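Fold and contact review
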Amino acid sequence: MNKNSWELVLVNAEHSLEEEYPVELEAVEGYQFDKRAAGALREMIAAAERDGIRLILISTYRSFEKSEWNFAQKVQALLEEGYSEEEARLEAQRWVAPPGTSEHNTGLAADIVSGDYFDVYGRELETEFEGYQGFRWLYDHCADYGFILRYPDGKEEITGIHYEPWHYRYVGAGHAVAIMERGITLEEYLGEEG
C-alpha cells in the first residue's frame, strides 16, 4: 500500500492541510469534485439510478473560505443553544471540520443522500438517513466505485467526527474494498489511529 498516493491523503484534526489543497476540479451534478475521481462518482450515482435509487449530492469540494464560514455558522448555532465559546468550538469540530481539517477541502469527499430525503428533513443532515434505501445502497455498493463511508457509527473516538451516514470519501476501488470489508476507518487502514 502506498500511503502517499493522492487518493489516500488523510485529513483530520491531527493531519491538517497547511494551505488551500491544490486540486483540479470537474463538475458532477452541479458540484465540483476532484477530476481524477469525478468519473467514479458519476458512475456510482448512475448505478444507483439503474437500481431504482435516486441519489443527490449536497456537498463536495469546499474552499478553505467556505469551510471557515460553515464552521463559524455551527459555532454560532451552538452559542445560541447556550454553549460557552470554548464548548461551542469543541462541539462544532465534531460536526463541521475547520478549514484544513475538512476532507471536503481535498475535493475527494461527497455528502450524498436519497432524492426523497429532504422531503422529510429539509436541509438538515440527520443520522436517520441510515434508514433510507439510498443509504443501504451506498453502504453496500460504494466500495465498488472506490468510495468508503468515511465516518462510521461507533468509530467517533478514532475519526473525531460524529457518525455521518451521508459522508463518502474516494480512496480508490482496491483500498475501498479492503476498508469496507473490514469495517474500519481510513485512520485504521493507514495505521494512524489515536
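**So, the overall build of the protein**
Scanning the protein from terminus to terminus reveals eight helices and six strands. Counted from the first residue to the last, the protein has its helices and strands arranged as β-β-α-β-α-α-β-α-α-β-α-β-α-α. Against the 2.2 N^0.38 benchmark of 16 Å for 194 residues, the protein shows a C-alpha radius of gyration of 16 Å, consistent with a compact globule. In terms of its C-alpha atoms, the protein occupies a principal-axis envelope of roughly 45 × 40 × 30 Å.

**Looking at the environment of alanine 143**
With respect to the secondary-structure elements, alanine 143 resides in the loop between helix H5 (133-141) and strand S5 (147-151). Considering only alpha carbons, one finds alanine 143 and glutamate 181, 38 residues apart in sequence, at a separation of 8.8 Å. Once residues within four sequence positions are removed from consideration, alanine 143 is found in contact with Ala173, Ala176, Val177 and Met180.

**Some details on the packing of helix H2 (residues 64-80) against helix H3 (residues 85-93)**
Look at H2 against H3: their axes get within 8 Å of each other, and the N-to-C directions meet at 130 degrees. Judged on the interaxial angle alone, H3 and H2 are oblique. With respect to the hand of their crossing, H2 and H3 are arranged in right-handed fashion. For the pair H2 and H3, contact is made by Phe71, Lys74, Val75, Leu78 and Leu79 and by Glu85, Ala88, Arg89, Glu91, Ala92 and Gln93, respectively. Across the contact of H2 with H3, the residue classes tally to six nonpolar, one polar and four charged.

**With respect to the nonpolar core**
Leu41, Met44, Ile112, Trp137, Phe147 and Leu186 are the most contacted members of the largest nonpolar core, which totals 49 residues. Of all elements in the fold, only helix H1 (35-50), strand S3 (55-59), strand S4 (109-114), H5, S5, strand S6 (164-170), helix H7 (173-182) and helix H8 (186-190) reach the threshold of two or more residues within this core. Sort the elements by how many residues they give to this core and H1 lands first, with eight residues. Leaving out residues up to four positions away in the same chain, isoleucine 112 has contacts with Leu41, Met44, Leu55, Ile56, Leu57, Ile58, Phe129, Leu138, Trp166 and Tyr168.

**Regarding the pairing of strand S1 (residues 25-28)**
Both S1 and strand S2 (residues 31-34) contribute to a ladder of four bridges, which runs antiparallel. If you follow glutamate 26 over to S2, its bridge partner there is phenylalanine 33. Counting the residues between successive antiparallel strands, the hairpin from S1 to S2 contains two residues, one of them, glutamate 29, with a positive phi of roughly 55 degrees.

**Description of a negative patch on the surface**
On the surface, a cluster of negative charge is made up of Glu18, Glu19, Glu20 and Glu65. Along the polypeptide, glutamate 65 turns up in helix H2. Exposure remark for glutamate 65: the relative accessible area of 67% places this residue in the exposed category.

**Here we look at the pairing of S4**
Judged by how many residues are buried, S4 sits mostly within the fold: six of six residues are covered. Sheet topology places S3 next to S4; four bridges connect them, and they run antiparallel. Bridged to isoleucine 56 within S4 is valine 113. As judged from the three bridges shared by S4 and S6, these two strands associate in the antiparallel manner. When the bridges of S6 are listed, aspartate 111 appears paired with histidine 167.

**Some details on the pattern of salt bridges**
Per the stated rule, a full pass over the model turns up nine salt bridges. Glutamate 188 is the salt-bridge partner of lysine 155, the closest N and O atoms lying 3.2 Å from each other. Of this pair, lysine 155 sits in the loop between S5 and helix H6 (156-159) while glutamate 188 sits in helix H8, placing them 33 residues apart in sequence. Here the salt bridges share partners, and the residues they tie into one network are Glu103, Arg150, Arg169 and Glu187.

**Some words on the packing of aromatic side chains**
For the coordinates displayed, the defined rule picks out seven aromatic pairs. Summarising the aromatic geometry, the rings of tryptophan 6 and tyrosine 170 are spaced 5.9 Å apart at their centres and angled 15 degrees between planes, so their arrangement reads as stacked. Here the residue tryptophan 6 occupies a position in the segment before S1, and tyrosine 170 occupies one in strand S6, the gap between them amounting to 164 residues. Seen in terms of ring centroids, phenylalanine 33 and phenylalanine 147 are 6.1 Å apart; in terms of plane orientation they differ by 35 degrees. Their pairing is tilted. Placement of the pair is phenylalanine 33 in strand S2 and phenylalanine 147 in strand S5, with a sequence separation of 114 residues. The exposure class assigned to phenylalanine 147 is buried, which follows from its relative accessible area of 0%. Taken together through their ring pairs, the aromatic side chains of Trp6, Phe33, Phe147 and Tyr170 make up a single cluster. Between the NZ or CZ atom of arginine 36 and the centre of the ring of tryptophan 6, over which it lies, the distance is 4.0 Å.

Basis of the calculations
- Residues numbered from 1 in each chain as written.
- Predicted model: local features only at pLDDT ≥ 70, side-chain atom pairs only at ≥ 80, totals over all residues.
- Heavy atoms only, no water.
- Helix = DSSP H or I, 4+ residues; strand = E, 2+ residues; numbered from the N terminus.
- Rg over C-alpha atoms; globule rule 2.2 N^0.38 Å.
- Contact = heavy atoms within 4.5 Å.
- Axes fitted to C-alpha atoms, helices over the stretch in contact; angles between N-to-C directions.
- Parallel < 35°, antiparallel > 145°, perpendicular 65-115°, else oblique.
- Left-handed = near helix turned anticlockwise from the far one by under 90°.
- Nonpolar A, V, L, I, M, F, W, Y, C, P; charged D, E, K, R; others polar.
- Core = buried A, V, L, I, M, F, W, Y, C linked by side-chain atoms within 4.5 Å.
- Buried < 20%, exposed > 50% of the residue type's maximum accessible area, 1.4 Å probe, protein only.
- Pairing = 2+ DSSP bridges.
- Patch = residues over 30% accessible without salt bridge, like charges linked within 9 Å, V, L, I, M, F, W, Y side chains within 5 Å.
- Areas by Shrake-Rupley, 256 points an atom, 1.4 Å probe, with all protein chains shown as cover.
- Salt bridge = Lys/Arg side-chain N within 4 Å of Asp/Glu carboxyl O.
- Lys, Arg positive; Asp, Glu negative; His and termini not counted.
- Charge placed at Lys NZ, Arg CZ, Asp CG, Glu CD.
- Phe/Tyr/Trp six-rings, centres within 6.5 Å; stacked < 30°, edge-to-face > 60°.
- Lys NZ or Arg CZ within 6 Å of the ring centre and 35° of its normal.

Just geometry here; none of it tells us what the structure is for.
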